[in-house]
Amino acid sequence: MSRVLIFDCDGVLADTERDGHLVAFNQMWREQGVNWQWSVEQYAEKLKIGGGKERIASLARDADFRAAFQVPDSEDAWQAIVAGWHKRKSEIFKDLVMSGAMPGRPGVKRLTRDALDQGWTLAVCSTSAQASVQAVLDSVVGKDLSARFAGVFAGDIVKAKKPAPDIYNYAADHLGLAHGDCIVVEDSRNGLQSAAAAGMTCVITYNALTQGEDFSEAALVVSSLGDPGEPATVAANRSQAQPSYMVTVADLEAILAGAAVR
Ligand SMILES: [Mg+2]
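Here's a quick rundown of the structure.

**A short note on the sheet that holds strand S6 (residues 220–222)**
So, step 1. One open sheet holds the seven strands; their spatial order is S3-S2-S1-S4-S5-S6-S7, and the pairing between them is mixed. Each end of this open sheet is capped by a strand with a single partner; those strands are strand S3 (151–153) and strand S7 (234–237). Averaged over neighbouring strand pairs, the angle between their axes works out to 15° when direction is ignored.
So, step 2. Relative to S3, strand S2 (residues 121–125) runs parallel, the two being bridged by three bridges. The partner of Ala-123 across the bridge, within S3, is Gly-151.

**Observations concerning helix H5 (residues 75–98)**
So, step 1. The end-to-end C-alpha distance of H5 is 34 Å, a good match for the 34 Å that 24 residues give at a rise of 1.5 Å each.
So, step 2. Residues of H5 that are buried include every one of Val-82, Trp-85, His-86, Lys-89, Ser-90, Phe-93, Leu-96 and Val-97, and no others.
So, step 3. Those residues of H5 hidden inside the fold are in contact with helix H1 (16–32), helix H3 (52–57) and helix H7 (130–141).
So, step 4. Residue Gly-100 follows H5 closely and has a positive phi angle near 80°.

**A word on the environment of Gly-229**
So, step 1. Relative to the assigned elements, Gly-229 resides in the loop between S6 and S7.
So, step 2. The sequence separation of Gly-229 and Val-152 amounts to 77 residues, and the corresponding C-alpha distance is 29 Å.

What counts and how
Residues numbered from 1 in each chain as written. Predicted model: local features only at pLDDT ≥ 70, side-chain atom pairs only at ≥ 80, totals over all residues. Pairing = 2+ DSSP bridges. Helix = DSSP H or I, 4+ residues; strand = E, 2+ residues; numbered from the N terminus. Axes fitted to C-alpha atoms, helices over the stretch in contact; angles between N-to-C directions. Expected span 1.5 Å × (residues − 1). Buried ≥ 20, exposed ≤ 12 C-beta atoms within 10 Å, placed from the backbone. Contact = placed C-beta atoms within 7 Å.

Have a look at this one:
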């Protein structure tokens, strides 16, 4: 039986939303001379929308934003502005990652190494920009391990972003994976819905921005994957795994075995 571990990027590999993407969006608007900044609370709300371009584009329907910036009547003109802003924001984000401003979340590197060494297939599925996702993966697990990933699927390769299942279906098709062999690690309800709709088993590692969301479809809900010295808390467990302070490859195997029984 082949076994597959797929990570979401943002909020899973590192706390990239609050410490990276939000910082980069706001810096981009300051550079552009646009009198607009997202607060942490406003940005947490925007996380329900998959994709950075889509998050920016949604501002066209925000009365406060329209008071700060004259949104053009032409949809094409607005999308061109959005694309330019998003390109610059992605550059700022990549610089932040390269500067080491976003350390990996507990357990990601450990579980990556152990799963690869035990013959698992690893991948990343994100609807953020490809260059951003690759930079985060390289920075968190190191280039030696990231080179062993079967695929990093990101950006605009699918039209419908999370919570649509398209990115996970794309990865399964592209790598020839059986959906039932895949465990997805997500941090948000949006991502959980995407994985569940693709028929994949989901483990949630929540964070400050997503804590309290509805994770009822997840097999396991933990505060992180955990590491020696950085223990995780188990918030909900609907699987046959019995993780202690960290999630191990044996736990992932028990989760998949239980999912196959159901
Ligand atoms: Mg995420």
